[in-house]
Amino acid sequence: MAKLSIEAVSKYFDEHAAVDELSLAVEPGEFVALLGPSGCGKTTMLRMLAGFEPLTRGEIRLGGELLASPTHHLPPEQRHMAMVFQSYALWPHMSVADNVGYPLKLKKVRGEAYRKRVEQALSLVALEKYASRTPQDLSGGQRQRVALARCLVNEPAVVLLDEPLANLDRHLRAAMEQSFHEFHRRTEATMVYVTHDQGEAMALADRIAVMRDGRLVQWATPQTLYREPKSQWVASFIGQGSQLMIAAGEPGRRLSEAELMQGLAGTERTQAVLIRPEHVRVASTTPSDRDLVARVEHQVFRGERFELHLRLPGGEALLAYHPQALTPGQQVALTLTQGWCLESD
Ligand code: ATP
């Protein structure tokens, strides 16, 4: 089990930094997600890990061994890593077992050892019964699992996954999230998972590296990212919520109900605060003069609750959850139970 270290890695295409001074230390067996909007450098970082792309600056190490630097480049097949692509890249006319065993054939593994390892890899993704089928006869999710089994057959220390669920529909994605959990638990391999889907990253990863314009902007567990996002940009990228400007507070501080009320009453409002919808309480009583009031702009039915889009007297938008339907245009009394102060962008 080896620690994966990315140390101040940059990648320039001409003058443009696709990845800019990125550092991450990934623990052995950890499941990490590289998360960020399109073009932020996730795939470039993954390709540098895999050995498909040389580095402009920095170093990549696995268990202390130098894999890559501007002057050193270990070829992909010597890195103990395997990459799973969005497109699966399976051979359509080969059987599932032959697809999975292909990397072993390249390494001249034969006979009983070959058969056993293919069988083990297929059982890791629960596809033993499909060994003799061809990929054409499988569903999208099953094909993705064949691609996973093929990357596992070499027992890599690190599995690199580039948006592996992007081609699947919503239901299948949810089912595949389960498979990934199971797969990760059973292999104990370190996983680096690229996605622009924050829900997927939150559901799967132990820790998430949030990237913007080639830079790492936050590296934290899903819970910390949700509860304590560093900046206005991270807060708007992760989860739902509203940002208000208040008079008091400093970045990285949690504010109580009283502090929020005081901050909203101030005149010089320069501090951004994040209010998650679960921290907005909508009273069922008619608002009085002392209450913080808002107008219901519109509401969206989400099954177990309504999502209320509210407007404060100062014009700010505020999102809340409520168990019952309200009337658009109606005034409601609010309590903001807590807020989180953000760095401005
Ligand atoms: P997506 O989610 O859309 O795949 P990404 O976050 O994976 O995006 P990258 O594909 O890593 O982003 O690209 C990062 C930046 O580097 C982009 O501006 C992209 O245009 C640029 N880039 C990537 N590969 C090359 C290349 N071979 N030559 C020139 N520029 C490139």
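Residues numbered from 1 in each chain as written. Predicted model: local features only at pLDDT ≥ 70, side-chain atom pairs only at ≥ 80, totals over all residues.

## A few points about the overall build of the protein
Item 1. The number of helices and strands found in the protein is nine helices and 20 strands.
Item 2. Counting only residues that meet the buried cut, the protein has 35% of its 345 residues in that class.
Item 3. Contacts in the protein between residues at least 24 apart in sequence constitute 66% of all its contacts with a sequence separation of at least 6. (Helix = DSSP H or I, 4+ residues; strand = E, 2+ residues; numbered from the N terminus. Buried ≥ 20, exposed ≤ 12 C-beta atoms within 10 Å, placed from the backbone. Contact = placed C-beta atoms within 7 Å.)

## So, the sheet that holds strand β15 (residues 280–282)
Item 1. Judged by pairing direction, the sheet is antiparallel, and its five strands sit side by side in the order β15-β19-β16-β17-β18 without closing on themselves. Either end of the sheet is taken by a strand with one partner, and the two such strands are β15 and β18 (317–322). For this sheet the average axis-to-axis angle between neighbouring strands, irrespective of direction, equals 45°.
Item 2. In this structure, strand β17 (residues 306–311) lies alongside β18, joined through six bridges in antiparallel fashion. Bridging from a neighbouring strand, L310 pairs with L318 of β18. (Pairing = 2+ DSSP bridges. Axes fitted to C-alpha atoms, helices over the stretch in contact; angles between N-to-C directions.)

## Quick look at the sheet that holds strand β5 (residues 65–69)
Item 1. Spatially, the five strands line up as an open sheet ordered β2-β1-β4-β5-β6, and their pairing is antiparallel. At either end of the open sheet lies a strand with only one pairing partner, and these are β2 (16–26) and β6 (72–73).

## Concerning the site of the ligand
Item 1. The environment of the ligand is made up of F13, A18, G36, S38, G39, C40, G41, K42, T43, T44 and H196.
Item 2. Ranked by residues supplied to the shell around the ligand, first place goes to helix α1 (residues 42–50) with three residues. (Near = placed C-beta within 6 Å.)

## Examining the environment of T71
Item 1. Along the chain, the position of T71 falls in the loop between β5 and β6.
Item 2. Exposure remark for T71: the 8 C-beta atoms within 10 Å place this residue in the exposed category.
Item 3. Distance from T71 to A247, taken between C-alpha atoms, is 51 Å for residues 176 residues apart in sequence.

## Observations regarding the domain arrangement of the protein
Item 1. Annotation of the protein at the domain level lists domain 1 (4–229) and domain 2 (240–341).
Item 2. Centre-to-centre, using C-alpha coordinates, domain 1 lies 40 Å away from domain 2. (Domains from an automatic or database assignment.)

## Focus: the pairing of β17
The side chains of a regular strand alternate, residue by residue, between the two faces of the sheet.
Item 1. The sheet contact formed by strand β16 (residues 292–301) and β17 spans six bridges and is antiparallel. Looking at β17, one finds that V296 is bridged to L310.
Item 2. In this structure, the hairpin formed by β16 and β17 is closed by a connection of four residues, where G303 is found at a positive phi of approximately 85°.
Item 3. Taking the residues that link successive antiparallel strands as the turn, the β17-β18 hairpin has five residues, and the phi of G315 there is positive, at about 100°.

## Let's talk about the nonpolar core
The tendency in soluble globular proteins is for nonpolar side chains to be buried side by side.
Item 1. One finds A149, L160, V192, Y193 and V273 to be the most contacted residues of the largest nonpolar core, which totals 89 residues.
Item 2. Take this core: its biggest share by element is six residues, from helix α4 (residues 140–152).
Item 3. Residue-level mapping places this core at the junction of two domains, with at least three residues from each of domain 1 (4–229) and domain 2 (240–341).
Item 4. In this structure, A149 is in contact with V100, A121, L122, L124, V125 and L127, ignoring residues within four places of it in sequence. (Core = buried A, V, L, I, M, F, W, Y, C linked by C-beta atoms within 7 Å.)

## Thoughts on the packing of helix α2 (residues 96–106) against helix α3 (residues 111–124)
Item 1. Running from amino to carboxyl end, α2 crosses α3 at an angle of 120°, the nearest separation of the two axes being 9 Å. The angle between α2 and α3 falls in the class oblique. At the point where α2 passes α3, the crossing takes the right-handed sense. Contact residues: α2 offers A97, V100, G101 and L104, while α3 offers Y114, R117, V118, A121 and L122.
Item 2. Partitioned by chemical class, the residues of the contact of α2 with α3 number seven nonpolar, one polar and one charged. (Parallel < 35°, antiparallel > 145°, perpendicular 65-115°, else oblique. Left-handed = near helix turned anticlockwise from the far one by under 90°. Nonpolar A, V, L, I, M, F, W, Y, C, P; charged D, E, K, R; others polar.)

## Brief notes about α3
Item 1. Over its 14 residues, α3 runs 20 Å from end to end, which matches the ideal 20 Å to within 8%, given 1.5 Å per residue.
Item 2. Residues of α3 that are buried include every one of V118, A121 and L122, and no others. One side of α3 carries all its buried residues, which in axial view fall inside an arc of 100°. Along α3, the residues that are exposed and aim more than 90 degrees away from the buried face are E112, A113, K116 and S123.
Item 3. Contacts from the buried residues of α3 go to α2 and α4.
Item 4. A126 sits one or two residues past α3 and shows a positive phi near 55°. (Expected span 1.5 Å × (residues − 1). Arc of directions from axis to C-beta.)

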